[in-house]
Amino acid sequence: MSSKSNSKETVILSDWIRRALVGVDLSALAGERNVSSTAAYGTEDDPSQWPATSRGSMALCSDDYLMPALQVAYSLADQICKEEETGKSPPLSVDWVDNIVVHINNRVGRLSMCDSDRRGSASLDSLAFLDSLGFDAGEDNFADNLFESIINDHDGTALSGEERDRILEGCDHVRAEFAPSMFNAIDDSDDAGLGSDAIAMQRIYSLGVVFYVLFSGGERPAAHFPTATEVVEQKLSGKSDTETEELSHDPSEDLELLPFHQAAPIDLAGELNILDSIGNDEYVQDSWGDKAGELSVLDSVGDDEYVRDPWGDHTFDDAPQHPKPKKRHSSEQNRNVCNSCSVQSLREKGLPTPLCDLVANMLDCTNASLGGEDSYQSMADVQSDLRLMLDNPNTFLRDLDMTKLSTSGSQFIEKTMFGRNAELSTIKDAYRLSMSSGECGLVTISGTSGTGKSLLANEFGKFVSADGGIFLSGKFDQLQQGKPFSALASTFDQYCGMLLHEGMASTKEEVAFQLRSVLGKGSYHLTKIIPNLAAILGTELPVLSHSEDCINAQKRVQYLLCQFVEVISTSSSAPITLFLDDLQWADAASIAAVNQLLFAAGPLSRKKFFFLGCAREKDSATKWSPGIDILVAGGIRVKLDCMDEHTLNTMVSETLCLPPRLTRSLSNVMYHKTKGNPLFVSRLMRSLTKEGLLCPSLSRRRWEWDTKKIRSQTLPDDVAIFLTDSLGELPDEVQWALFILSCFGASSESAFVESQGLDRSILKNLEVAVAEGLVDKINDQYRFAHDRIQEAAYNTIPAERRSVIHFKYGLELSSLLIGDEDVSGSVLFTAVNQLNLGGPPAVQDKMHNLTAARLNLRAGKKAMEMSDYVTAYSYFDSGISFLLRKHWQEHYDLTLELFSLAAKCALTNGDQTSLKLLIALVLEKAHFFEDKLDVLYIETCALAYSYRLAESIEKGLTILSKLGIEVQGTSVDACLQETKALLSTHTVDEILNSKQMTDPTMIMAMKFLGKSEIGMTQIMPKSVPYVTFKIIELSLTHGMSPVTPIGFAYYGSYLAKQGNINEGYHYVKLALSLLDKVGSRENAGEVIFVCTQVKSYVEPLQATLEYHHEGYAAAMASGDSSLAVVNMFAFNASSFFAGTNLQRMQGLCNNTVELCEQRQQSIFMVQAQQVQRTLSKLIGKGEEPQYSAEGRDILASNSSVLRSYHYQTAYVSFIFRSYDDTIENIEKYFDLQQTTWGNLFLAHAIHAFHTGLISFWVARKSKELRQQWYDRGNQSNLALRRWAESSQWTFENKWYLLEAEESFCNNDFEAAKTYYQGAITSAKFHKVR
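Residues numbered from 1 in each chain as written. Predicted model: local features only at pLDDT ≥ 70, side-chain atom pairs only at ≥ 80, totals over all residues. Heavy atoms only, no water.

**Overview of the overall build of the chain**
How we decide: A run of DSSP states H or I qualifies as a helix once it reaches four residues; a run of E qualifies as a strand once it reaches two. Both are numbered from the N-terminal end. Whether a residue is buried, partly exposed or exposed follows from its accessible area with a 1.4 Å probe, protein chains only, as a fraction of its type maximum: under 20%, in between, or over 50%, in that order. The contact criterion used is simple: two residues touch if any of their non-hydrogen atoms lie within 4.5 Å. The Shrake-Rupley method, run with a 1.4 Å probe sphere, supplies the accessible areas, and residue values consider only the shown protein chains as cover.
For the chain, the count of helices and strands is 62 helices and 13 strands. Relative to its full complement of 1329 residues, the chain shows a buried share of 56%. Of the contacts made within the chain by residues no fewer than 6 positions apart, 73% connect residues no fewer than 24 positions apart. Carbon and sulfur atoms make up 50% of the accessible area of the chain, which totals about 56900 Å².

Put into structure tokens, the structure is as follows:
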């Protein structure tokens, strides 16, 4: 046994065959015998007790021998192909078998095929023989040179390291080649009058003989055609086949049955003993048989001696021992004999049928004109088939289970990917880039139906899982669009379900802790979408009513989902991949949520999250929502086309386990009939097997087909029509079962079918569909194998009848919902969807109209709880459609609730047309004013959202007046004193523990007040205190409501603006405490913003920055984009005032612009672009903003935006000392100052500081207007001094700087120097740059 790290040796082919077979460990193969092999092998586990022929067959058929032998065969075919390209080839007049050597390189840890050193292992005769073939065996580095010649390209160019490693890993590093002398010899075939095609066929035949010897263990074909040498000799002698009657060559003369040419003893399981050296006419006792066998070893090529089977007494094919003269068979007979007699011997040894066929097809090539249809046409085909057997032996080498195929029918490969490697690599590259950069990745796969989009995605999913990632998948359904966030919710619920299993406890606890911290009470909304999340959080969750005023519920849930994904991405060490299939059927809410996940500015963009989506290509029947277009445009798009003919042939080849050259005729027909659509191809193959045109042949142990009959078939061009026609051939009861399943979508649980009162026989018939490959059954769930099959099954019933059936099943399911409000939302949505698919025309009993309307109302409320207002509106709209005439009179309460909630959804969805119609109908038909309040409030909100603030405020005040609530008072001071007096009668604890407001009218009045206060702050700041005082009065009188914290926040802000900062600070802290007391955080974004602005005048500015993050999160959690942007603006302004570096500020500002654009906050976007311009100028880039047409209109008409523009321009002009521009813009700023807000914001201090600096500078420059500008500067200085008293940390350094500027303006340079130094010292101490 060799102990060297690399043992390299070269042997002749016959030696290699003998030693490779001896090296097979038969004892390791003993366990692989099946029950049916008892007769052949006996009952003994000891191989030495098996019959000799059985031991030989087992060794020949083992992978330990077959795979290296295939590598030898491949290397020979590869060498001939390469030599043919240079015009060279082995001569046909020479026996090829005797001119082949095998190079072996045994790596560390592997048994050498030779027991001794590689040089000592070969006999002197073998080395002499190698020398005669053209190899210089005497060189010191002979073996090394040989091995280097193996692993280098044929032209001597070194392979890459990767290629070398690949070769070193293959088949024990075995490679064969023809002797160099073979390519230097003169080929007499050129003089024999053979054409080039005939010569090529003869080469294949000659190599076939070599392969026969290789795979038979050293035998020659027992009956074979004339050798290539004989053919040449016949041509040269002028004799023809008809003129010549040859005596058959004695097979035993060419037979070398496993000859041993071994120089050292071999011990196999202690049973094999061979003489230490063997020469001519020496004998070896057969220790494995009962009789002694003579073993003749050839010392040189051409000896006529033959050997006995070392496995026993007989040769493997019982070759005749007494040659007798035989007549030459006819050509046709010869071909048949070669196929049957010679290859039959290989079959009897148990060699795989594909390998026997390969050799038979090669031997068929002895005469090109007589070759069978499976015979080879080129050596390249031989090379290709061998490569397939090596690379994919399970498909192309192993025998098919003909028993299974003949009894259970064909099971074609329908879930295997073909021809999509380039596309898969694109997705993998995008994934790797996403993981390395930490940014979200996005890839969408599109293509026509049946092109393998889902297969490609699932193949990528295997890669993700193998790479340690988490692959979550969901599928949208055309018939289940009524389920809110259907696929998205089920996917995340799937992940939460994983966390609930054993072994995930630590991750579960981490996720639960993070979600409680991040989501807070917003977790309630997510648990309505993700049921398993409630089990993870494991705490009592709040119950929210439908009266909650969520400004934009879908934006709220989008934000919450973003936070959810951020948490699970952070808590899990594995990256998250979300795959959503059939995006073309996605509900609008889900698409909007996905876009928010991927494109929202914020922390998620830095997490390891990857999204993969599949969508059917847009066509006349398939439309994409605008959200999908945005999604696809935002990432990498992988477009799948139908397979080309080559790929289709690969698919058919691997499906039928036949080489591509044999399936090409079938693939050609199928390609022209299917245009390469993978789904069409797989279904057509199934159809052909049912018709008997494609079937397994038991005699040939392979698939066969009738090309002519298949070509003559008439098929539709469209796969959908083909599927429909195919379904029509099924039994009626199976068709009906498929239709019923299709009515409920792409999949259904078997328990659902059994328990919901549906047709019980459906399960039995669905099993038939499973056997037909139309439906998959996975974990007791029936799922259509493809959505096209679902569509075809659904369309088997006419539309009119479908409606009746849908409504019928909807009613049956609805019986489970009567009186049970806790029934699963899934059952509710399924029942209502069935009713709505039927529609009013399917109703046959008027009582069912009310049932359908009530259930739609219930489903709509459920959808609102899940924050899907688009789906909720569709339910309310459907409910209205089921109402009968005179519904306002006969079913008033039901009608009022349907219309009012539909109006609320229309407002949230931005559907102005429907909103106006619904509001008008309610205002016209409602019996009482209180019944109109909901839609009146919705109307004021709609006006505010349309920037018609004045109209919104006026309408709100009018409605409040009708409710007996007057907002305007005698004077602000008088109202202030009344409010102070009222507050003095209540302690902080009493306020915090006040009762909740319960009067519906007062609750609505508070909502109108809250909406009016927000609008007044922007355009009527002087009126804001009146509303503030009224909110506090009603709260202390009637109880606390969600609006109460707004009143206290604005009250504290008003007091601070009046100069009483400490008292204002007290009330803003009270407002923040009330947020958790009122049971709702729908106004938290606004309350936190107002309160933090006051806190900035008391607490260190740097400490308040985090509050605005909280305000942003709270606003996003309630769907209030405006307040989210406001909090982001405030954060940016505070950061700039605190001295954050300009590059960091530019990044923050860019995020703000992006958020404004995403949320369509046009006014704030214009202001953010102004700040962008300022930062760009300060950094030195000087980029000008690109305003949209709407932005330019806002800039021209909105005084608040215009004032901000002039302030920013004046500041930049001042920094760069552009006097005229500074004067022009600061004057315009002061002209617009009269519309300033009535509450205290940090912007007041920022503007006062900068206008103070500008004023003192202008005062020094202008003699005529010096006093005016000096007074303005002094006014700013006094304000900063007052604010510095409340917060030295934030304002002291700014006040010192203004004092220095004022002293400098007064020519008091010593004082100026002192204040300048004080400003620097204070800034350093307070860590302000």
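**Here we look at the pattern of salt bridges**
Cut-off, in case you're wondering: We define a salt bridge as a contact between a side-chain nitrogen of Lys or Arg and a carboxyl oxygen of Asp or Glu at a distance within 4 Å.
In total, this model carries 36 salt bridges according to the counting rule given. One salt bridge in this structure joins Lys639 and Asp641, with 3.2 Å as the shortest N-O distance. Overall, the relative accessible area of 46% leaves Asp641 in the partly exposed class. Two residues, Glu897 and Lys861, come together in a salt bridge whose shortest N-O distance is 2.5 Å. Placement of the pair is Glu897 in helix 41 (residues 892–909) and Lys861 in helix 38 (residues 846–865), with a sequence separation of 36 residues.

**A word on the sheet that holds strand 8 (residues 636–640)**
Defined as follows: In short, DSSP must find at least two bridges between two strands for them to pair. Interaxial angle, 0 to 180 degrees, is taken between N-to-C directions of lines fitted to C-alpha atoms, where a helix line uses only the stretch in contact.
If you walk across this open sheet you meet the five strands as 5-6-7-4-8, and the pairing is parallel. Edge positions in the sheet fall to strand 5 (470–475) and strand 8, since each has one partner strand and no second. When strand polarity is set aside, the average angle formed by the axes of neighbouring strands in this sheet is 15 degrees. Both strand 4 (residues 441–447) and strand 7 (residues 609–616) contribute to a ladder of seven bridges, which runs parallel. Residue Gly447 lies in a different strand from strand 7, and its bridge partner there is Arg616. Together, strand 4, strand 6 (576–581), strand 7 and strand 8 form the strand contacts of helix 18 (residues 421–437), whose direction differs from that of strand 7 by roughly 150 degrees.

**A word on the packing of helix 55 (residues 1162–1179) against helix 57 (residues 1199–1215)**
The condition is simple: Oblique is the label for any angle not under 35 degrees, not over 145, and not in the 65 to 115 range, which are roughly parallel, roughly antiparallel and roughly perpendicular in turn. Classes in brief: Ala, Val, Leu, Ile, Met, Phe, Trp, Tyr, Cys and Pro nonpolar; Asp, Glu, Lys and Arg charged; the others, Gly included, polar.
For the pair helix 55 and helix 57, interaxial distance at closest approach is 10 Å and the crossing angle is 0 degrees. Overall, the two elements helix 55 and helix 57 adopt an arrangement that is roughly parallel. Contacts between helix 55 and helix 57 pair Ile1163, Val1166, Gln1167, Gln1170, Val1171, Arg1173, Thr1174, Lys1177 and Leu1178 from the former with Ser1200, Val1201, Ser1204, Tyr1205, Gln1208, Thr1209, Tyr1211, Val1212 and Ile1215 from the latter. Here the residues of the contact of helix 55 with helix 57 are counted per class, giving nine nonpolar, seven polar and two charged.

**Structural notes on the packing of aromatic side chains**
Stated formally: Centres within 6.5 Å make a pair out of two Phe, Tyr or Trp rings, where for Trp the six-membered ring is used; the pair is then stacked when the planes are under 30 degrees apart, edge-to-face when over 60, and tilted otherwise. Charge-over-ring placement is defined geometrically: NZ (Lys) or CZ (Arg) within 6 Å of the ring centre, and within 35 degrees of the ring normal.
The tally for this structure, following the rule as stated, stands at 41 aromatic pairs. Look at Phe680 and Phe722: their rings are 4.9 Å apart centre to centre, the planes differ by 40 degrees, and that puts the pair in the tilted class. Of this pair, Phe680 sits in helix 29 (residues 678–690) while Phe722 sits in helix 31 (residues 719–727), and the two are 42 residues apart along the sequence. Residue class for Phe680 comes out buried when judged on its relative accessible area of 1%. A centroid spacing of 6.2 Å and a plane angle of 35 degrees characterise the contact between Phe807 and Phe882, whose relative ring orientation is tilted. Residue Phe807 is found in helix 36 (residues 799–814), and its partner Phe882 is found in helix 39 (residues 869–882); the two are separated by 75 residues along the sequence. Both residues of the pair, Phe807 and Phe882, belong to the buried class. Through a chain of ring-to-ring contacts, the aromatic side chains of Tyr431, Phe460, Phe463, Phe471, Phe579 and Phe610 assemble into a single cluster. Taking NZ or CZ as reference, Arg387 lies 4.5 Å from the ring centre of Tyr74, over its face. Lying across the ring of Trp1269, Arg1272 places its NZ or CZ 4.6 Å from the centre.

**Side note on the environment of Met866**
Structurally, the position occupied by Met866 is in the loop between helix 38 and helix 39. Taking relative accessible area as the criterion, Met866 reaches 8% and is therefore assigned buried.

**Observations concerning helix 5 (residues 63–85)**
To be explicit about the condition: The span expected for a helix works out to 1.5 Å for each residue beyond the first.
In a regular helix each residue adds 1.5 Å, so 23 residues correspond to 33 Å; helix 5 covers 32 Å between its end C-alpha atoms and thus fits that length. A large share of helix 5 lies buried, amounting to 18 of its 23 residues.

**Details of the nonpolar core**
To be explicit about the condition: For this analysis, a nonpolar core means a set of buried residues of the types Ala, Val, Leu, Ile, Met, Phe, Trp, Tyr and Cys, connected via side-chain atoms within 4.5 Å.
Phe492, Phe564, Phe611, Leu738 and Trp1283 are the most contacted members of the largest nonpolar core, which has 259 residues in total. Setting aside residues no more than four positions away along its own chain, Trp1283 makes contact with Ile1061, Tyr1097, Leu1240, His1244, Ala1245, Ala1248 and Phe1291. Core analysis: the next-biggest nonpolar cluster, separate from the first, contains 66 residues, Leu13, Tyr65, Trp96 and Val382 among them.

**Looking at the sheet that holds strand 12 (residues 775–778)**
Spatial ordering of the open sheet is given by 11-13-12, a layout of three strands whose pairing is antiparallel. Of all strands in the sheet, those with a lone pairing partner are strand 11 (747–749) and strand 12, marking the two edges. The sheet shows a mean angle of 20 degrees between the axes of neighbouring strands, direction not considered. Pairing between strand 11 and strand 13 (residues 781–784): three bridges, direction antiparallel. Looking at strand 13, one finds that Ser747 is bridged to Arg783.

**Things to note about the environment of Arg683**
By secondary structure assignment, the location of Arg683 is in helix 29. With 39 residues separating them in the primary sequence, Arg683 and Phe722 have C-alpha atoms 8.8 Å apart.

**Structural notes on the packing of helix 47 (residues 1000–1019) against helix 49 (residues 1044–1057)**
Stated formally: In this scheme, a crossing is called left-handed if the near helix is turned counterclockwise away from the far one by less than a right angle; it is called right-handed if the turn is clockwise.
Helix 49 packs onto helix 47 with a crossing angle of 35 degrees between their chain directions and a minimal axis gap of 9 Å. Crossing geometry of helix 47 relative to helix 49 is assigned as left-handed. Contacts between helix 47 and helix 49 involve Met1006, Glu1013 and Thr1017 on the former and, on the latter, Thr1044, Ile1046, Gly1047 and Tyr1050. A class-by-class count of the residues in the contact of helix 47 with helix 49 yields three nonpolar, three polar and one charged.

**Quick look at the confidence of the model for the chain**
Applicable threshold: Scored from 0 to 100, pLDDT records how confident the predictor is in each individual residue.
Averaged over every residue, the pLDDT of the chain is 78; the share at 70 or more is 77%. Low pLDDT, under 50, characterises residues 1–5; the predicted model gives this stretch eleven contacts beyond four residues in sequence or across chains.

**Some words on unusual backbone geometry**
The backbone of Arg1217 shows a phi angle near 55 degrees, a positive value even though the residue is not glycine. When you line up the elements, Arg1217 lands in the loop between helix 57 and helix 58 (1219–1231). Notably, Asn1307 is not glycine yet its phi reads approximately 65 degrees, a positive angle. Summarising the element assignment, Asn1307 is placed in the loop between helix 61 (1288–1305) and helix 62 (1309–1325).

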